[in-house]
Amino acid sequence: MPRAIQRRSSGGAPPDLDGGFHPVLARVYAARGVRTPEELDYALARLHPFTSLTDIDYAAELLGARIRDGGRILVIGDFDADGATSCALAVRGLRLLGAREVSYLVPNRFEFGYGLTPEIVAVAAERSPDLLVTVDNGISSVAGVEAAARLGIDVVITDHHLPGPELPAARAIVNPNRPDDPFPSKHIAGVGVMFYLLMALRAHLRSAQWFGPGTVAEPNLAQLLDLVALGTVADLVTLDHNNRILVAQGLARIRAGQCGAGIAALLGVARRELDRVCASDLAFAVAPRLNAAGRLTDMSCGIECLLAEDAAAARQLARQLDSLNVERRSIEGQMHQQALEYVEALHFGGGSELPFGLCLFDAGWHQGVIGILASRVKEQLHRPVIAFAPGPDGILKGSARSVPGLHIRDALQAVAARQPGLIAKFGGHAMAAGLTLTQSSYEPFCEAFDAEVRRHLGPDDLKGVIASDGPLEPGDLSLELAETLRSGGPWGQGFPEPVFDGEFELVSRRLINDRHLKLKLRPPGSESSLEALAFGQRMDHWPADVGRVKAAYRLDVNFYRGNKSAQLTLEHVEPCG
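Parameters at a glance
- Residues numbered from 1 in each chain as written.
- Predicted model: local features only at pLDDT ≥ 70, side-chain atom pairs only at ≥ 80, totals over all residues.
- Heavy atoms only, no water.
- Pairing = 2+ DSSP bridges.
- Helix = DSSP H or I, 4+ residues; strand = E, 2+ residues; numbered from the N terminus.
- Axes fitted to C-alpha atoms, helices over the stretch in contact; angles between N-to-C directions.
- Contact = heavy atoms within 4.5 Å.
- Expected span 1.5 Å × (residues − 1).
- Buried < 20%, exposed > 50% of the residue type's maximum accessible area, 1.4 Å probe, protein only.
- Parallel < 35°, antiparallel > 145°, perpendicular 65-115°, else oblique.
- Left-handed = near helix turned anticlockwise from the far one by under 90°.
- Core = buried A, V, L, I, M, F, W, Y, C linked by side-chain atoms within 4.5 Å.

Draft legend 1. View of the sheet that holds strand 16 (residues 548-560). The five strands lie next to each other as 13-14-15-17-16, forming a closed barrel whose pairing is mixed. Neighbour-to-neighbour, the strand axes of this sheet turn through a mean angle of 45°, independent of strand direction. Pairing of strand 13 (residues 500-512) with strand 16, which is carried by six bridges, proceeds in the antiparallel orientation. Each bridged residue has a counterpart across the sheet, and for Glu 505 the counterpart in strand 16 is Arg 548. Contacts between helix 16 (residues 479-487) and the sheet are confined to strand 13, strand 16 and strand 17 (563-576), with strand 16 contributing the most and set at about 80° to the helix.

Listed below in structure tokens is the structure:
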């Protein structure tokens, strides 16, 4: 679909930023709402204190008691990257704090589904735990917590997802999005919540004089921030100042070679150099390989990789995850083609209107891959998308992805309120959600979802706008500025990497791997040209005599055989003039 370029309004660089930053970077920061240098200070001391999280002191007391009496602590994880990093963080952190009996259990999505269900409680009970700790899940596990209580097992919930109308009756619930919680950062990922609980637990154990010579050495929990950075970036939570601190600190440790063997191995199979890692490497190189385990088999492989202390063992597990990711990409490619054929069958652009809220289903689709399929189709069609795959006993599993302007979890809640019983179960947050339906409910749900989306979005919201930070002067298209922008992050959701736009003379063009455009572009009036890459774009529709193009681009650093150069990564390119 065609895309429009819309320039961000910066309102001018704030006076406090003038002089301390490159003028282009100051302009970029101003467009993202930064007003003072303090908002760019990523020291750990600037983190919000853990004391403002409701229930965190009591949760720390419960964990501290189990650690001191040698009780069995079982971590209940989740099967995505945030869940895997949260689980590995909990296990490693609790062991550092002196827990002798700590293990984990992650539900297989194909057998148990998401969260602390009564079924997974029954499996957990076989290990005779004294305390269950959920990570990145649990806020909707009312029945699961009741099942644990009947077996005499205490539950501490750590989560960040939005709660439903009823909170589980757990011993403690640490979730910044519970209604009575004053914690300022509502966007923290599940791995961040668990990190905060570990900080509170360390403070509790310190006050109980647990640490000392000959007993347990008080740990520096900052050594775990590589996991926090990975989970935060992978879960696409908004990078507010608090989250940027967590990510920046984790990236600094990775670049210094102070990360766990698992993350180092995953970066290695993705051919990323530790000392040059940035947030996008975690998002697009590490997270997909980690997620592949949860999508296709069992996330235990990913968690074991993150827990590995031996480099050789970590590399072996990372290679397994890399192979799974290759398989995932193949499955996704087939599903994506089928989805596009379905959209074409709706005669989009040929007289009939595509739904504003688009639902897709095929009986042969893999339920572990529908989330990434929904993301791909959303990016192409610029509208909320829910992809469904068959589950057991006539149930459909759905994964939803949204666009700015529609809170997808709230939209599902509105559908459920208007038509009780239509949705069997749902949960999630603003941009992503999951749900289950009976197969007979699929068609009425499609209509109800489209109607709900139309209450919030109009045709102008579905145009696929690219937000640009404006043009760059030819002299700014330099390696110096590319490196300045690269180091100016961390960039990510809610604090997007800078994108610029402009017109260029087209010097040459060719298709590589039958999938990507490689161009050589020259700024008007300049004698030098730059390499440019447009991933996943072709030129079948371009006239043969194109001389100029209009592009939206990121100014990147290209590393090749020990050399560095400025390179444009094109978000969008089209002929002009």
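Draft legend 2. Summary view of helix 13 (residues 370-381). Its twelve residues place the ends of helix 13 16 Å apart at the C-alpha level, agreeing with the 16 Å of an ideal helix rising 1.5 Å per residue. For helix 13, the buried fraction is high: nine of the twelve residues fall into the buried class. What helix 13 keeps buried is the set Ile 370, Gly 371, Ile 372, Leu 373, Ala 374, Ser 375, Val 377, Lys 378 and Leu 381. Looking at the buried residues of helix 13, the elements they touch are helix 10 (279-296), helix 12 (311-345), strand 7 (358-361), strand 8 (385-390) and strand 9 (395-401). Phi for His 382, located one or two positions after helix 13, is positive at around 60°.

Draft legend 3. Here's a closer look at the packing of helix 11 (residues 300-307) against helix 12. Across the interface, helix 11 lies against helix 12 with an axial gap of 9 Å and an inter-helix angle of 150°. In terms of orientation, helix 11 lies roughly antiparallel with respect to helix 12. Two packed elements cross with a definite hand, and for helix 11 against helix 12 that hand is left-handed. Contacts from Cys 301, Gly 302, Glu 304 and Cys 305 in helix 11 reach Ala 314, Leu 317, Ala 318, Gln 320 and Leu 321 in helix 12.

Draft legend 4. Region of the structure containing the nonpolar core. Among the nonpolar cores identified, the biggest contains 145 residues, and Leu 94, Leu 568 and Leu 570 are the most heavily contacted of them. Among the elements that line this core, the one with the most residues is helix 6 (residues 190-207), at eleven residues. Those residues in contact with Leu 570, other than ones at most four positions away along the chain, are Leu 519, Leu 521, Ala 532, Leu 533, Ala 534, Gln 537, Ala 551, Ala 552 and Tyr 553. Residues Phe 356, Ala 411, Ala 448 and Phe 449 belong to the second largest nonpolar core, which totals 25 residues.

Draft legend 5. Main features of unusual backbone geometry. Of note, the bond from Gly 489 into Pro 490 is cis; its omega dihedral lies within 30 degrees of zero at 15°. Topologically, Pro 490 is positioned in the loop between helix 16 and strand 13. Even without a glycine there, the phi angle at Asp 55 is positive, about 75°. By secondary structure assignment, the location of Asp 55 is in the loop between helix 1 (23-31) and helix 2 (56-68). Using a relative accessible area of 27% as the deciding quantity, one classes Asp 55 as partly exposed. One non-glycine residue, His 382, lies in the positive phi region at around 60°.

Draft legend 6. Geometry of helix 7 (residues 225-234). When you tally the buried positions in helix 7, you get ten out of ten residues, the bulk of the element. Where helix 7 is concerned, the buried positions are Leu 225, Asp 226, Leu 227, Val 228, Ala 229, Leu 230, Gly 231, Thr 232, Val 233 and Ala 234. Buried residues belonging to helix 7 abut helix 3 (81-96), helix 6, helix 8 (241-255), helix 9 (261-269), helix 10 and helix 11.

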